[in-house]
Amino acid sequence: MPSAVETRADEVPYTLDEPAPKVLGFWDQSAFWANLGVSLFAFSGAYTVLAPDAAGRPTLPILAGIVAMAVGTALGGLMLGLAAAPGAKTGQPAMVLLRGLFGARLSYVPTVLNIAQLVGWGTFELIVIADAARALWDDVPRWVFVVAAGVLTTALTIRPLGSVRLLRRYVTAAVLIALVYFYVQFLREPLPDLNHGSWSGFWTGADAALAVSISWVPVAADYTRHSRTPRAAFGAAAVGYSVTQIFAYVLGLLALALVAGDSTKVFDPFLHVSLGVAFFAVFVLREADQSFANVYSTAVSIQNLVPRADRRVLSVALGTGITVLALVFDIGDYQSFLSLIGSVFVPLLGVLAADFFLGAGRRGWDTGRAAPARWSMIVAWAAGFAVYQLVYPGGVGWWARGWTHVQSWLHFTPQTWMSASLLSFAVAGAAALLAGRTRR
Ligand SMILES: Nc1ccnc(=O)[nH]1
């Protein structure tokens, strides 16, 4: 039965005990990342790059938001590329790679945090799919869409590499056509003044966009470990993802301008143009690739804790779990979710990239189950987290007040030119290099 053997080698093995097949070329990966760059969150969450105040009102003019988002996305894309390359080089999934950085046991800390963010994203994705589908067909109850999206998501996770190829073959082109169609339509509408107001919240907006890109960092290697070369992995993730994310957010921001900044109405302009319903349905259906990527990566992350677990069993359980969560919950504080993600995963990447490319990783990381603990790397990560919070403590009252106390104790005042992400990345990376030096 040669065909059965071929199919096995073409798909991801069920457990971490077997090696990953290297079967994804540059265009497979580019199509995959380009799809992930387009999300309904680029529309429903477009307001976050306008640096909203505590009451949720945008503080940046639309034009400033567009520039901030493009800068944040481009920087986030480069960071994503840095996270993608080690996966291709080592053939290891993202959380297993972290055994090399922190040691086997300590890698459980970021693994648990990543599982939490991915369950959060997976749930959010099903909710946003159901909300958008309800905007299209409001006579169908919400739970029907949640369950349908959950089933489709889970089905895609069973043959993950097959799903990536499916995206390349059919979905990417449809998504690009829909994007172009809405651009043409929106730019024909009378748009309000896009540059009225202050640009002082620029880095808050840029950091919000960067956080969305960076949230794929602890996921990237789960896919790029199937890449034929590290260069292809870097290029596809950095470029493919950023280009489409910028296109999608600009569309979201134009839609927001057309509804006078009211983000609860941001889907309306899409549905009001002719053929809008059909093209918007493309976006709704393809959103399942995001929830697929979240659920599959949650399963692979759990395998870092339990390497013998069958990823299909984990995926079905997780797909069911997020479906239940999406039936029960609504999207809460999306803005705070993003800043928490940024503050955890930006410095994590700073430490990882510094150590992998310039530190101990150059001699090869030990990613085995007995890799020794490296506490100094945890300290470097924590330093980067603290820097992020000092520059941008976010909007959750008690937490922000706590960091404001630390600010005044350190005589530190955040300036508008400071990007929480860039400073946190730099400090975490420098601390990791320093720690690596002193230990030698
Ligand atoms: N990691 C993620 C980033 C953005 N959207 C998602 O669904 N997941």
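What this report covers is the structure whose coordinates are included nearby. It should be emphasised that the depicted structure is a prediction, and the values quoted were computed from it without experimental measurement. (Residues numbered from 1 in each chain as written. Predicted model: local features only at pLDDT ≥ 70, side-chain atom pairs only at ≥ 80, totals over all residues. Heavy atoms only, no water.)

Let's talk about the site of the ligand
- Around the ligand, a shell composed of Trp 121, Glu 125, Ser 215, Trp 216, Gln 290 and Asn 294 is seen.
- At 2.6 Å from an oxygen atom of the ligand is found a side-chain nitrogen or oxygen belonging to Glu 125.
- About the coverage of the ligand: the protein hides 98% of its 240 Å² of free accessible area.
- If you list the elements that add at least two residues to the shell around the ligand, you get helix 6 (108–136) and helix 14 (288–305).
- In terms of residue class, the shell around the ligand is built from two nonpolar, three polar and one charged. (Near = heavy atom within 4 Å. Polar contact = N/O pair within 3.5 Å; in protein donor to acceptor, adjacent residues only side chain to side chain. Areas by Shrake-Rupley, 256 points an atom, 1.4 Å probe, with all protein chains shown as cover. Helix = DSSP H or I, 4+ residues; strand = E, 2+ residues; numbered from the N terminus. Nonpolar A, V, L, I, M, F, W, Y, C, P; charged D, E, K, R; others polar.)

Describing unusual backbone geometry
- One non-glycine residue, Ala 51, lies in positive phi territory at about 45°.
- With respect to the secondary-structure elements, Ala 51 resides in the loop between helix 3 (41–44) and helix 4 (62–90).
- A residue is classified by how much of its surface remains accessible, and Ala 51, at 6% relative accessible area, is buried. (Buried < 20%, exposed > 50% of the residue type's maximum accessible area, 1.4 Å probe, protein only.)

Section: the pattern of salt bridges
- Across all of its chains, the model carries 10 salt bridges by this definition.
- As a salt-bridge pair, Arg 142 and Asp 131 come within 4.0 Å of each other at their nearest N and O atoms. Taken as a pair, Arg 142 in helix 7 (residues 142–158) and Asp 131 in helix 6 lie far apart in primary sequence, 11 residues in all.
- A salt bridge links Arg 312 to Asp 310; the shortest N-O distance between them is 2.7 Å.
- Residues participating in the shared-partner salt-bridge network are Arg 286, Glu 287 and Asp 289. (Salt bridge = Lys/Arg side-chain N within 4 Å of Asp/Glu carboxyl O.)

Some words on the nonpolar core
- Counting 127 residues, the largest nonpolar core has Trp 33, Phe 43, Phe 182, Phe 280 and Phe 283 as the members making the most contacts within it.
- In this structure Trp 33 touches Leu 80, Trp 216, Ala 220, Thr 224, Ala 236, Ala 237, Gly 240, Tyr 241 and Thr 244, once residues within four positions along its chain are discounted. (Core = buried A, V, L, I, M, F, W, Y, C linked by side-chain atoms within 4.5 Å. Contact = heavy atoms within 4.5 Å.)

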